[in-house]
Each structure stands twice: as structure tokens, then as C-alpha cells.
Amino acid sequence: VDGILTESLDQMGPFRAVGERDIAPMLDFEAEKQKLGCTDDVSCLSEVAGAFGADYVVSATLTNADGVYLLQLSLLDIAKASVIARERRTSDSKAAMLDVSATAVEALVRPLLEARSGSLSVRVSEEGATIKIDRRVVGTSPLAVLPLPAGVHSVDVEKVGFIVASRDVQVM
């Protein structure tokens, strides 16, 4: 799960994610906690992340209870040493959990992305095509430039008699 979460964050653009798998070779986490005198996981993560220059930390737990997988995510603000967002997702299989984990990460960091924004221009050769951003209809072509929060967005262009055009775009 750690690799999937860091990869998802890296693909969103404004983040440079470092996961436990990245840190593990550099330090023994338990030994570092003892050196720092940490008494709880949030303060320990804050101390270690601060040492790496991170502003935020994503903490994840994955449990399996009777064949149902539960992913719980927390977004920690290092400066405040507090949890600022939480997400949870369930799945009936490992394969499905891989899919839902990416959307869970996107939902978790959405407040951070909304603080940053950009714009998207969609050019379509056929007038009257329906344009969807993140599966929501935003208009028909031709369409004015759209302001969007930073991050990855799905763009779909549909018109009867034509093949649906779909693409993920990065807004920064």
C-alpha cells in the first residue's frame, strides 16, 4: 500500500512523496523514536517527517476482516502536529483495493489541492460535444477556459455517433 500511495501522490504534481519504504533503508524508525523521546505516533511522525523537510505525512493502515479489506488514511500537518483529513475505503478483494486506494489518496489531499488552482482549455473539433470533468458534465463545445483545483482530472468528450475521447490531465 505504501508504494501505491506515494506513487499516487507523486502523479498529482505538486507533491514529492516519501513513504516508509523510502525511509526504511535510511533509518530504523523505532530507534529514531526512542532517540526523539516520542510518546505517540502523531508526534513521532511529525518529528521524523520534519527531519526530512516534509510539510505533510500520509499515514495508512490496511486491515482484513473476514475477507473485507479496510484502508484508513490520515493526513498530518507537520507544523501543527495534527490530523487535518481522514479517508477510509473498503473492498472485497486485493485487486479492487488497489483501485480504491488511488481515489482515497486523491480525496485525502483534495483540501490541499483546492488551495492551488490552474485552468483547463478543452478544444474539440465538433460543436455540441458534451464535456465532462471528473465524470461531471461541465458544458458543451465550444467551451470557455475552466478554472480547476490543482491535481489530476479526468476529461471525457462525448457526442452521439463519435468515439468517446478520454484523457487524464494534470492541472498545476
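Above this note sits the structure.
Residues numbered from 1 in each chain as written. Predicted model: local features only at pLDDT ≥ 70, side-chain atom pairs only at ≥ 80, totals over all residues. Heavy atoms only, no water.

A.B. asks: Is there a simple way to explain the overall build of the protein chain in this structure?
C.D. replies: Within the protein chain, the secondary structure is distributed over five helices and nine strands. Starting at the N terminus, the α and β elements of the protein chain follow one another as α-α-α-α-β-β-β-α-β-β-β-β-β-β. Here the protein chain holds 172 residues, and the buried ones make up 33% of them. In the protein chain, the share of contacts with a sequence separation of at least 24, taken over all contacts with a separation of at least 6, comes to 41%. (Helix = DSSP H or I, 4+ residues; strand = E, 2+ residues; numbered from the N terminus. Buried < 20%, exposed > 50% of the residue type's maximum accessible area, 1.4 Å probe, protein only. Contact = heavy atoms within 4.5 Å.)

A.B. asks: Can you help me understand unusual backbone geometry in this one?
C.D. replies: Most peptide bonds take the trans form, and the phi angle of most residues other than glycine is negative. Between Ser141 and Pro142 the backbone carries a cis peptide bond, its omega angle lying at 0 degrees. Here Pro142 is to be found in the loop between β6 (136-140) and β7 (146-149). Not every positive phi belongs to a glycine, and Asp66 is a case in point at roughly 55 degrees. Inspection of the secondary structure puts Asp66 in the loop between β1 (56-65) and β2 (68-77). Residue Asp66 is classed as exposed on the basis of its relative accessible area, which comes to 84%. Located in the positive-phi region is Asp134, a residue other than glycine, with phi close to 55 degrees. Looking at the element boundaries, Asp134 is found in the loop between β5 (130-133) and β6. Residue classification places Asp134 among the partly exposed residues on the basis of a relative accessible area of 28%.

A.B. asks: Honestly, helix α5 (residues 94-114) in this entry has me stumped. Any pointers?
C.D. replies: Side chains three or four residues apart in an α-helix point the same way, a direct result of the helix having 3.6 residues per turn. Counted at 1.5 Å a residue, the expected span for α5 with its 21 residues is 30 Å, and the 30 Å between its end C-alpha atoms agrees. Considering bend angle alone, the principal kink of α5 is centred on Leu108 and spans about 40 degrees; proline Pro111 follows within four residues of it. Of all the positions in α5, only Met97, Ser101, Ala104, Val105, Ala107, Leu108, Val109, Leu112 and Leu113 are classed as buried. (Expected span 1.5 Å × (residues − 1). Bend = angle between axes of the 7 residues up to and from the residue.)

A.B. asks: Quick question: what am I supposed to make of the sheet that holds strand β3 (residues 82-91) here?
C.D. replies: The strands that make up a sheet pair up through hydrogen bonds in the backbone, lying either parallel or antiparallel. Overall, antiparallel pairing links the three strands, which are arranged β1-β2-β3 in an open sheet. Because the sheet does not close on itself, it has two edges, and the strands there are β1 and β3. When the angles between neighbouring strand axes are averaged without regard to direction, this sheet yields 15 degrees. Two elements, β2 and β3, share nine bridges in a ladder whose sense is antiparallel. Looking at β3, one finds that Leu73 is bridged to Glu87. Against the sheet, α5 contacts β1, β2 and β3, and its axis sits at roughly 155 degrees relative to β3. (Pairing = 2+ DSSP bridges. Axes fitted to C-alpha atoms, helices over the stretch in contact; angles between N-to-C directions.)

A.B. asks: Explain the sheet that holds strand β9 (residues 165-171) to me, please; I cannot follow it from the model alone.
C.D. replies: Reading across the sheet, the four strands line up as β6-β5-β8-β9 and stay open at both edges, with antiparallel pairing between neighbours. Since the sheet does not close on itself, it has two edges, and those belong to β6 and β9, each with one partner. Adjacent strand axes in the sheet meet at a mean angle of 30 degrees, parallel and antiparallel pairs treated alike.

A.B. asks: I tried to follow the pairing of β5 on my own but got confused; where do I start?
C.D. replies: Both faces of the sheet carry side chains from a regular strand, because those side chains alternate between them. Burial along β5 is one-sided: the residues Ile131 and Ile133 are buried and none of Thr130 and Lys132 is. By the bridge criterion, four bridges tie β5 to β6 in an arrangement that is antiparallel. Within β6, the position partnered with Lys132 by the bridge is Val137. Taking the residues that link successive antiparallel strands as the turn, the β5-β6 hairpin has two residues, and the phi of Asp134 there is positive, at about 55 degrees. When β5 meets strand β8 (residues 151-158), the two strands line up antiparallel, connected through four bridges. Paired with Thr130 across the bridge in β8 is Glu158.

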